[in-house]
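Structural overview
Residue strings, one per chain:
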Amino acid sequence: MVSTKIIIGVLLLAVIFYGCSAGKASYYELPAEFRQPEKRLEFAEKYYPYITGKKIFIDPGHGGTERGNKGFESFEAEANLNLKVSLYLRDYLKRAGAVVFMSRTKDTTVDLKQRSIMADSSGADIFISVHHNAPASANNIWTDYTATYYHARKNNYEYEPCSHDLAKYVQRDLAYAVRNSGGLGSFNGTYSDYTVYPGDGFSVLRETKIPAILVECAFSTNHFEAGRLNEDEFNRIEAWGIFKGLCRYFKADIPRITFLNEPNIVTDDSTSFTFLLSDSTGIDPGSIKVQFDSTDVNNLFYDEDLYLLTVNITNATTGIHSLKIVVANKNGNHSFPFRKEIIFLPNIR
Ligand SMILES: [Zn+2]
């Protein structure tokens, strides 16, 4: 009799434990702002003034006929997860007063190049492409981390440090919200897209002219991750993480560059150009980098009282040239891509 009771007891315990573990199949923590209304209010008061009026282009990756990554045991196609997170992100941004554009709001096919054209012609300030990752090998169900990509590498002419800044802010809050590491290939979870496609990078980052990043929120192919990715509440946490990163990025401000020598046509082969640099936190003079075509210009002067940058160009050849300027503010945020076309006419003297 005793042994029967023990067996029943053990069976009951087993049922209870199984029940608990089944209920805990997907584990995540709610952000403080989800649990405590006063934290949400605090965040809104501190950050929403900086995101109000900002124009954000969201690109939910894939969709329509493009549904290659089906996730662990085909739970949910990546394309659907990307759209769900993007729509939640849109809602958070709109509620905070931002203007949002999207490459798709339904399960439709959108050409890669078209996504960049839409972003650049929308008038948006920044571009963010939302994805979920998959490993190279189809039977790898273990790999999982959160990564954010920017275009090119630091020493490439096409590299824009502002996109890297944006990637850092979004990666930090997204990875924290979902409690994932940023992987071992990077110290802060941001990656050049050249690590995936050397010399080319991702089409949406290469072709888009406004500051652009691509987030790989998590690996939907991972056996643990797939469970929580299929819960709406967790998709909202992902979106909240991206949203918080964007809020903090804009609060840190972005330096603006204004060309003061219009028109841009010059009849002398040696001349100087003046630019007004403005930022609420101040400009870091050591950060100023000017390139004439792709050559560094060292003959320049920054007047810290007047916020004026003077760039001296000598012995320019006749034709169309480009001045590329990058400056950072005191928070380390870099200016948006700035290239000024200068036309040198034959020297008439
Ligand atoms: Zn993808």
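Residues numbered from 1 in each chain as written. Predicted model: local features only at pLDDT ≥ 70, side-chain atom pairs only at ≥ 80, totals over all residues. Heavy atoms only, no water.

**Observations regarding the overall build of the protein chain**
So the rule is basically this: Numbering of helices and strands starts at the N terminus; helices are DSSP runs of H or I of at least 4 residues and strands are runs of E of at least 2. Only protein chains enter the area calculation, which uses a 1.4 Å probe; residues under 20% of their type maximum are buried, those over 50% are exposed, and those in between are partly exposed. We call two residues in contact whenever any of their non-hydrogen atoms come within 4.5 Å of each other. Surface exposure here means Shrake-Rupley accessible area, sampled with a 1.4 Å probe, where a residue is shielded only by the protein chains that are shown. In this count, Lys and Arg are taken as positive residues and Asp and Glu as negative ones, while His and the chain termini are left out. Charged side chains are reduced to one point each, which is NZ for Lys, CZ for Arg, CG for Asp and CD for Glu.
Each helix and strand counted, the protein chain has nine helices and 15 strands in total. The principal-axis extents of the C-alpha atoms in the protein chain amount to approximately 115 × 45 × 35 Å. Out of the 349 residues in the protein chain, the part that is buried amounts to 49%. Of the contacts formed within the protein chain by residues at least 6 apart in sequence, a portion of 75% connects residues at least 24 apart. If you sum the accessible surface of the protein chain, you get close to 17400 Å²; carbon and sulfur atoms cover 56% of it. Distance from the positive charge centre (37 side chains) to the negative charge centre (41 side chains) of the protein chain: 5 Å.

**Here we look at the coordination of the zinc ion**
Worth spelling out the cut-off: As a rule, N, O and S atoms within 2.8 Å of a metal are its donors, except that Na, K and Ca use 3.2 Å; water is not among the atoms, so sites may look incomplete.
Protein ligation of the zinc ion involves His62 (NE2), Glu78 (OE) and His131 (ND1), the donor distances falling in the range 2.1 to 2.3 Å. All donors to the zinc ion come from one chain, and their sequence spacing reads H-x15-E-x52-H. Taken together, the positions of His62 in the loop between strand E1 (55-60) and helix H4 (78-95) and Glu78 in helix H4 put the pair 16 residues apart, joining distant regions of the chain. Classification of His62 as partly exposed rests on a relative accessible area of 24%.

**Focus on the nonpolar core**
Using the following cut-off: Definition of nonpolar core: a set of buried residues of the types Ala, Val, Leu, Ile, Met, Phe, Trp, Tyr and Cys, connected through side-chain atoms within 4.5 Å.
Judged by nonpolar contacts, the single largest core of 49 residues is most densely connected at Leu93, Ile242, Phe243 and Leu246. Where this core is concerned, the elements lending two or more residues are helix H3 (37-51), E1, H4, strand E2 (99-102), strand E3 (126-133), helix H6 (161-178), strand E6 (212-219) and helix H9 (232-251). The greatest single-element share of this core, amounting to 10 residues, is contributed by H9. Non-local contacts of Ile242, meaning those with residues more than four positions away in its chain, are made with Val85, Leu89, Ile128, Val170, Leu174, Val215 and Cys217.

**Details of the sheet that holds E2**
As a reminder, the rule being used: Strand pairing is defined by DSSP finding a minimum of two bridges between the two strands. Here, axes are lines fitted to C-alpha atoms. For helices the fit covers the stretch in contact, and angles between N-to-C directions go from 0 to 180 degrees.
Strand order in this open sheet of six strands is E2-E1-E3-E6-E4-E5, and the pairing throughout is mixed. Looking at the sheet topology across the chains shown, the edges are occupied by E2 and strand E5 (190-192). When the angles between neighbouring strand axes are averaged without regard to direction, this sheet yields 25°. Relative to E6, E3 is paired through six bridges, and the arrangement is parallel. Following the sheet pairing, Val130 is matched in E6 by Val215. Against the sheet, helix H5 (residues 112-122) contacts E1, E2 and E3, and its axis sits at roughly 170° relative to E1.

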